[in-house]
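# Coordinates in review
Residues per chain, in single letters:
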Amino acid sequence: MTPTLFLSDLHLSPDRPATAAAFESFCSAPARAAAAVYVLGDLFDWWVGDDQLDDPFAARIAAAIRGVTAAGVPVYLARGNRDFLYGRRFERDTGASLLPSSSSSTCTAPRRCSCTATSCAPRVAYQRYRARIRTPEAARRLLALPAFVRRWIARSLRKKSRDESALKPESILDVAEDAVVAAFRTHGVARMIHGHTHRPATHHVDVDGRRCERVVLSDWHDRGHWLEAGADGLVRRASA
């Protein structure tokens, strides 16, 4: 059985060359032998619009993804906290498909599962911000700004996010269990795979007497990490 691969929270940027190299290595080997690849949020540290593809670094990453899709492997990408302004040019240049902006989408990995980037977060202020900034109208207003202004906004939001996260207890940075149970009920799946929290683990959840599983992906802080769903179940892999 050809495996399906899941990864998230790479936060690729020119400031992290080792992570970028690990992703290019992933795209040149494991990804091309997969049935499909799901990137569940925050591929880039920020994405201010598809004109970013004019930058050499972004073009290089896009070319790596194009190598995977050209090999016949579908790549699905979820918008993350900082890289939600992808558009048609990104899809065209990479061959990847953007997942719907709703909280989650189902995939065909072993045991019907739900893949999500940022749902189930407990912070009310964050959820309100996300609902406001992700509207088509908000995206149009942002993309109408000059590129240098969008980059300044992205850097400011990134700094603010890091500063606020450093001051919050870990319990606030994890998911809300009641939201997790609600998501299982809504989608009728047995397994949820998500990133965003940077706290890799496997949790078992009781949903109305059903034993369900919530799998949290690792970030790419130290090296490449991905989850392989195949004949042997779920296996966590990492780059050398």
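Computed from a predicted model, the values in this text were never measured in an experiment.

### Notes on the overall build of the protein
A count of helices and strands for the protein gives eight helices and eleven strands. Here the protein holds 240 residues, and 49% of them are scored as buried. Sequence-distant contacts in the protein: of pairs separated by 6 or more residues, those separated by 24 or more amount to 65%. For the protein, the accessible surface area stands at approximately 11,600 Å², while carbon and sulfur atoms represent 54% of it.

### Quick look at the sheet that holds strand β3 (residues 75–78)
Spatial ordering of the open sheet is given by β4-β3-β2-β1-β10-β11, a layout of six strands whose pairing is mixed. Two strands in the sheet have a free side with no partner beyond their single neighbour: β4 (97–98) and β11 (233–238). The pairing of strand β2 (residues 36–40) with β3 spans four bridges and is parallel. Within β3, the residue paired with Val37 across the bridge is Val75.

### Description of the packing of aromatic side chains
Aromatic rings in a pair are described by how distant their centres are and how their planes are angled relative to each other. One pass over the structure, following the stated rule, counts eleven aromatic pairs. Here Trp47 and Phe90 contribute two aromatic rings whose centre-to-centre distance is 5.5 Å and whose plane-to-plane angle is 75 degrees, an arrangement assigned as edge-to-face. In this pair, Trp47 is assigned in the loop between β2 and α2 (56–70) and Phe90 in helix α3 (residues 88–94), connecting sequence segments 43 residues apart. Aromatic rings pair up to connect Phe44, Trp47, Phe57, Tyr86 and Phe90 into one cluster.

### As for the nonpolar core
When a protein is soluble and globular, its nonpolar side chains tend to lie buried together. By size, the foremost hydrophobic cluster in this structure holds 36 residues, and its most contacted members are Leu7, Phe23, Phe26, Val37, Leu43, Phe44 and Phe90. Residue contributions to this core peak at seven residues, all from α2. What Leu43 contacts, discounting residues up to four positions off in sequence, is Leu10, His11, Leu12, Phe23, Ile65, Leu77, Asp83, Tyr86 and Phe90.

### Notes on the pairing of β11
The two faces of the sheet receive side chains in turn, since in a regular strand these alternate between them. As defined by bridge partners, strand β10 (residues 225–230) adjoins β11 across six bridges and the pair is classed as antiparallel. Residue pairing for β11: Ala229 is matched across the bridge by Leu234. The antiparallel hairpin formed by β10 and β11 contains two residues in its connecting segment.

### Notes on the confidence of the model for the protein
Close inspection of predicted coordinates is inappropriate for parts of the model with low pLDDT. On average, residues of the protein carry a pLDDT of 83, and 79% of them reach 70 or more. The spread of mean pLDDT over the elements of the protein runs between helix α7 (residues 170–173), the lowest at 49, and α2, the highest at 98.

### With respect to unusual backbone geometry
Positive phi, normally seen in glycine, also occurs at His11, with a value near 50 degrees. Tracing the backbone shows His11 in the loop between β1 (4–7) and α1 (17–28).

### A look at the pattern of salt bridges
Close approach of charged atoms allows side chains of opposite charge to pair. One pass over the full model with this rule turns up nine salt bridges. Here Asp54 ties to Arg89 by a salt bridge, and the two come within 2.8 Å at their closest N and O atoms. In this pair, Asp54 sits in the loop between β2 and α2 while Arg89 sits in helix α3, placing the two residues 35 residues apart along the sequence. Look at Arg89 and you get partly exposed, because its relative accessible area is 26%. With its nearest N and O atoms 3.2 Å apart, the salt bridge here joins Glu228 to Arg237. In this structure, a network of salt bridges that share partners links the residues Asp54, Arg89, Arg92 and Asp93.

### Observations regarding the environment of Ala201
With respect to the helices, strands and loops of the structure, Ala201 is situated in strand β8 (residues 201–207). In sequence terms Ala201 and Ser218 are 17 residues apart; their C-alpha atoms lie 8.2 Å from each other. Not counting chain neighbours up to four residues away, the residues in contact with Ala201 comprise Arg214, Val215, Val216 and Arg236.

Cut-offs and rules
- All chains use their own residue numbering, which begins from 1 and follows the written sequence.
- Where totals are concerned, whole chains, interfaces and linings use all residues; where local detail is concerned, this predicted model gives features only for residues with pLDDT of at least 70, and gives and counts side-chain atom pairs only at 80 or more.
- Just so you know, side-chain values use all the structure's heavy atoms and leave hydrogens and water out.
- In DSSP terms, a helix is any run of H or I states spanning at least four residues, a strand is any run of E spanning at least two, and both are numbered starting from the N terminus.
- Partly exposed describes any residue whose relative accessible area lies between the buried limit of under 20% and the exposed limit of over 50%, with all areas from a 1.4 Å probe on protein chains only and scaled to the type maximum.
- Residues count as neighbours in contact if any of their non-hydrogen atoms are within 4.5 Å of one another.
- Accessible areas in this description were obtained via Shrake-Rupley with a 1.4 Å probe; residue shielding takes into account the shown protein chains only.
- In short, DSSP must find at least two bridges between two strands for them to pair.
- Only Phe, Tyr and Trp rings take part, Trp by its six-membered ring, and two of them pair if their centres are within 6.5 Å. Stacked means planes under 30 degrees apart, edge-to-face means over 60, and tilted covers everything else.
- In this description, a nonpolar core means a group of buried Ala, Val, Leu, Ile, Met, Phe, Trp, Tyr and Cys residues linked to one another through side-chain atoms lying within 4.5 Å.
- What pLDDT reports is the predictor's confidence in each residue, on a scale of 0 through 100.
- Just to be clear on terms, a salt bridge is a Lys or Arg side-chain nitrogen sitting within 4 Å of an Asp or Glu carboxyl oxygen.

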